[in-house]
Amino acid sequence: MSSTTPILVIGATGKVGSRIVSRLQASGTPVRAASRRSSPAFDWEDQSSWAPALAGAEVAFVAFVPDLAAKGAPETIRAFAATALASGVRRVVLLSGRGEANAQLSEQIMMASGLGCTVVRASWFAQNFSEGIMLPSVLSGVIALPAGQRREPFIDVDDIADVAVAALTDARHVGEIYEVTGPRLLTFADAAAAISAASGSHVDYVPISLDDFHAALLPEVGPDHAEFLTRLCEEVFDGRNESLSDGVQRALGRPARDFADYCVAMAATGIWRRAA
Ligand SMILES: NC(=O)c1ccc[n+]([C@@H]2O[C@H](COP(=O)([O-])OP(=O)(O)OC[C@H]3O[C@@H](n4cnc5c(N)ncnc54)[C@H](OP(=O)(O)O)[C@@H]3O)[C@@H](O)[C@H]2O)c1
């Protein structure tokens, strides 16, 4: 990799992308941060925006929105890979989701595209509770999900970013599929208890049915996205993800961070403090 060509980060303002940008900038690596708000803008829904954002980059991090498990994602990834190749990109690091059939199809398409590809296939992000969709629930004191007593190995997004940066900056990671999870399986009740213990504010986990989950989402996100998220939960909470993977250890030579440590660090920032 030439040290003068920027590493393109797609999804640069997101949970994973923003951490990748910070790490690369801190090490003096040229970076091009891309999202709908960058200049040039990159929009997954506007193919004409892809080539201008890709021009001059040889290496790219790719976070697809809304989710590689979404309908149509494999076709979009196929078209994106062709545009990237034509633009001179040689290597990509693809962020993917664990246990999602459509996501795994997109991984295969990217791997077979002619681009050197590393897949970072992540479990449920710990940061969903502090920067993502579950923060309002944590602040309300009730996490309601159709996850029953399923156990999930929550992954710290800082670990995902570390793995992605390793792969972006070293071509020896090409061809690897790093399935990254935290070091322990926890139920959502365990997660709520860990957040409660660290923050000092009680949070309950309430298992709900898929129908109730869908009904609660409908007014917030509309019928299409409510249906997608409900089917996604049905898929990833059927037991398939109740195991640990060694992707962090394999990529970085160190263990993944523990959820309890994440909770202590987040509580210290005050993010979970409730209004008096
Ligand atoms: N959350 C989880 O537990 C989990 C687990 C496994 C995998 N994943 C995967 O992680 C990815 C999301 O990463 P993240 O959580 O870091 O992102 P995020 O925090 O949800 O942020 C989304 C990013 O995508 C950009 N964006 C939104 N709409 C866009 C569009 N139409 N075109 C181009 N960019 C767009 C946003 O920036 P702008 O608003 O500036 O455009 C932002 O940079 C998804 O592919 C998801 O499947 C998530």
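Preceding this section is the structure that the text describes.
All values reported here derive from a predicted model rather than from experimental measurement.

Q: How should the side chain of Asp258 be read in this particular structure?
A: As for its position among the elements, Asp258 is in the loop between helix H9 (247–252) and helix H10 (259–269). Each residue touching Asp258, except ones within four places of it in the same chain, is listed here: Pro183 and Arg184.

Q: How should I be thinking about the site of the ligand in this particular structure?
A: Close contacts around the ligand come from 24 residues, with Thr13, Ser35, Arg36, Arg37 and Phe64 the closest. Here a nitrogen atom of the ligand and a backbone polar atom of Trp44 are 2.9 Å apart. Within the side chain of Asp67, one N or O atom sits 3.0 Å away from an oxygen atom of the ligand. When the ligand sits alone it has 920 Å² of accessible area, and the protein chains cover 84% of it. Of all elements in the fold, only helix H1 (15–26) and strand S4 (91–97) reach the threshold of two or more residues within the shell around the ligand. Ranked by the residues each element gives to the shell around the ligand, the list is headed by S4, at 3 residues. Classifying every residue of the shell around the ligand by side-chain character gives 11 nonpolar, 8 polar and 5 charged.

Q: Looking at this structure, how should I read the nonpolar core?
A: When a protein is soluble and globular, its nonpolar side chains tend to lie buried together. Core analysis: the biggest nonpolar cluster contains 34 residues, and Phe129, Ile143, Leu145, Phe154, Phe188, Phe259 and Trp272 have the highest contact counts within it. Listing elements by their share of this core, those giving two or more residues are helix H5 (135–140), strand S6 (142–145), helix H7 (188–199), helix H8 (210–236) and H10. The leading source of residues in this core is H8, at 8 residues. Among residues more than four places away in sequence, those in contact with Leu145 are Trp124, Met134, Phe188, Tyr205, Val206, Pro207, Ile208 and Phe213. Core analysis: the next-biggest nonpolar cluster, separate from the first, contains 29 residues, Ala12, Val59, Val93 and Val120 among them.

Q: How do you make sense of the side chain of Ser38 when you look at a structure like this?
A: Turning to its location among the elements, Ser38 is positioned in the loop between strand S2 (31–34) and helix H2 (50–54). Residue classification places Ser38 among the buried positions, given a relative accessible area of 15%.

Q: I would appreciate a short explanation of H10 in the present structure.
A: Residues that lie three or four places apart on an α-helix share one face, since the helix turns once every 3.6 residues. Taken residue by residue, H10 has Phe259, Tyr262, Cys263, Met266 and Ala267 as its buried positions. Considered in projection along H10, the buried side chains sweep an arc of 130 degrees and stay on one side of the axis. Exposed side of H10, more than 90 degrees from the buried face: Asp261, Val264 and Ala268 are the residues found there. Tucked into the core, H10 has its buried residues touching strand S9 (186–187) and H7. Gly270 occupies a position one or two residues after H10 and carries a positive phi of about 85 degrees.

The rules behind each value
- Residues numbered from 1 in each chain as written.
- Predicted model: local features only at pLDDT ≥ 70, side-chain atom pairs only at ≥ 80, totals over all residues.
- Heavy atoms only, no water.
- Helix = DSSP H or I, 4+ residues; strand = E, 2+ residues; numbered from the N terminus.
- Contact = heavy atoms within 4.5 Å.
- Near = heavy atom within 4 Å.
- Polar contact = N/O pair within 3.5 Å; in protein donor to acceptor, adjacent residues only side chain to side chain.
- Areas by Shrake-Rupley, 256 points an atom, 1.4 Å probe, with all protein chains shown as cover.
- Nonpolar A, V, L, I, M, F, W, Y, C, P; charged D, E, K, R; others polar.
- Core = buried A, V, L, I, M, F, W, Y, C linked by side-chain atoms within 4.5 Å.
- Buried < 20%, exposed > 50% of the residue type's maximum accessible area, 1.4 Å probe, protein only.
- Arc of directions from axis to C-beta.

Scope: geometric values only; no functional claims are made or implied.
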